[in-house]
Number of protein chains: 2
Amino acid sequence: MDQPDTDMDVDEKDIDILKTIADTETRSPDRISEVTGIPLSTVNYRLKQLREAEVIRNDHYDIDLEALGFEITFVIQIIAGYEEDTYEPLGEKLADIDGITHVYFTAGDTDFFVIAQLSDPEMVEDLITTLERLDGVERTISTYTISTLLDGHEPLQQISRETMRDRLLD
Amino acid sequence: MDQPDTDMDVDEKDIDILKTIADTETRSPDRISEVTGIPLSTVNYRLKQLREAEVIRNDHYDIDLEALGFEITFVIQIIAGYEEDTYEPLGEKLADIDGITHVYFTAGDTDFFVIAQLSDPEMVEDLITTLERLDGVERTISTYTISTLLDGHEPLQQISRETMRDRLLD
DNA sequence: ACTGAAAGGGTCAAAAC
DNA sequence: GTTTTGACCCTTTCAGT
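Residues numbered from 1 in each chain as written. Chains lettered and ligands numbered in written order. Predicted model: local features only at pLDDT ≥ 70, side-chain atom pairs only at ≥ 80, totals over all residues. Heavy atoms only, no water.

- Going by the annotation in an unreviewed UniProt entry, the name recorded for chain A is Lrp/AsnC family transcriptional regulator, with Halocatena salina given as the source organism.

**A short note on helix H2 (residues 29-36) of chain B**
All names here are of chain B.
- Restricting attention to buried positions, one finds in H2 the residues Ile-32, Ser-33 and Thr-36. Looking straight down H2, one finds that the buried residues subtend no more than 100° of arc, so they occupy a single side.
- Contacts from the buried residues of H2 go to helix H1 (12-24) and helix H3 (40-52).
- Count one or two residues on from H2 and you reach Gly-37, which has phi positive near 80°. (Buried < 20%, exposed > 50% of the residue type's maximum accessible area, 1.4 Å probe, protein only. Helix = DSSP H or I, 4+ residues; strand = E, 2+ residues; numbered from the N terminus. Arc of directions from axis to C-beta. Contact = heavy atoms within 4.5 Å.)

**Some points on the relation of the copies chain B and chain A**
- The operation relating chain B to chain A is a screw motion whose rotation component is 180°, with 0.0 Å of axial translation and a residual RMSD of 0.1 Å. Such a turn and shift between the copies fits a two-fold axis. No C-alpha of chain B lies nearer the rotation axis than that of B:His60, which sits 2.8 Å from it.
- Same-surface contact between copies: 100% of interface residues of chain B are shared with the interface of chain A. (Least-squares fit on C-alpha atoms with pLDDT ≥ 70 in both.)

**Some thoughts on the UniProt feature "domain: Transcription regulator AsnC/Lrp ligand binding" (unreviewed entry) in chain A**
- As recorded in UniProt, the feature "domain: Transcription regulator AsnC/Lrp ligand binding" (unreviewed entry) lies at residues 86-147 of chain A.
- The span residues 86-147 of chain A carries 37% helix and 40% strand; its end-to-end C-alpha distance comes to 33 Å. (UniProt positions renumbered as here; feature names shortened; annotations may be inferred.)

**Regarding the interface of chain B and chain A**
- Residue-level contacts link 78 residues of chain B with 78 residues of chain A.
- Between chain B and chain A, a total of about 8000 Å² is buried, with carbon and sulfur atoms accounting for 58% of that surface.
- Taken together, the links from chain B to chain A amount to 14 salt bridges.
- In this structure, the salt-bridge partner of A:Asp59 is B:Arg27, at a minimum N-O distance of 3.0 Å.
- For the pair chain B and chain A, the number of links is 46 residue pairs in polar contact (both at pLDDT 80 or more).
- At nine residues, the largest contribution of residues to the side of chain B that touches chain A is made by strand S5 (residues 137-151) of chain B.
- The residue inventory of the side of chain B that touches chain A, partitioned by class, reads 37 nonpolar, 21 polar and 20 charged. (Buried area = accessible area lost by both parts, 1.4 Å probe. Salt bridge = Lys/Arg side-chain N within 4 Å of Asp/Glu carboxyl O. Polar contact = N/O pair within 3.5 Å; in protein donor to acceptor, adjacent residues only side chain to side chain. Nonpolar A, V, L, I, M, F, W, Y, C, P; charged D, E, K, R; others polar.)

Okay, here's the thing in structure tokens:
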């Protein structure tokens, strides 16, 4: 994941705007202005800055793969072989595989945690087979997800205003 | 996660529209129409249907917590106690904790896989302490993420057009 | 499934505070 | 650095085919 060189400096107004976006699930500058009491033009001005700092990456549609028919979720742990320089390319290969939506390269016994969303048992089988055959993969542990309680699609809902203030101000 | 009663019935045009949204990272009906060659009015018509089927949940901003200052990611496995009816409420409690962005209730030795995004070591400590103290939590395994190669923010990019056709048509 | 037209908001730039 | 204004453009909706 690319990230900006330095973190954004945010203030109370930015936090208000960001929390309103997350909590009311809107992107209408008009509504944000209504809810926060910040003038519309200022909302636009701040939004522009937040976009420049890449805190807001894009305005886009929130697609629900589950509703589309990819209802099976797996958490897969991947233990890789020893070679130092196989991690990077292996991570990229993982990120390219159909159905894999998240790839975390981690410290510890497990080298990668991967999340996949699949449509049917056949697609599950295909994925596991593909993974086992990948160069550098030593072992995989696949865990079936009974239910997804929180899927990270609105991440700012998951951080309270107080935490944002405590951790981001000054 | 709520989900619609039945899956959406999609056809080639819907797949074209959805893939264009994901690949070009646009939500402009105008651009979608341009890229796919489907008349603007039809694009609008299909988009409305996709919204009604909740495949498209919302148009929203894509917020990058990392860019905001929550740069530390952990994958946390949670092993719960024995009682049957503690899972549901425990899952909900997990989803409410500050910094936790994903919660998967899983089959197997680990009961929950959780992903958290945090700002600093103090927030990490707070989270682990909170988790260990939760009723029903027997043990936690926290894994530090060295780098996030794919964060699921544009899930449809992760499914090829061929797979969509194979798995969703008929 | 597609068209055309009308209405409502969003966006951008210039300028004032 | 923030706010106002106004003009332009795109999206959305609806009645009609």
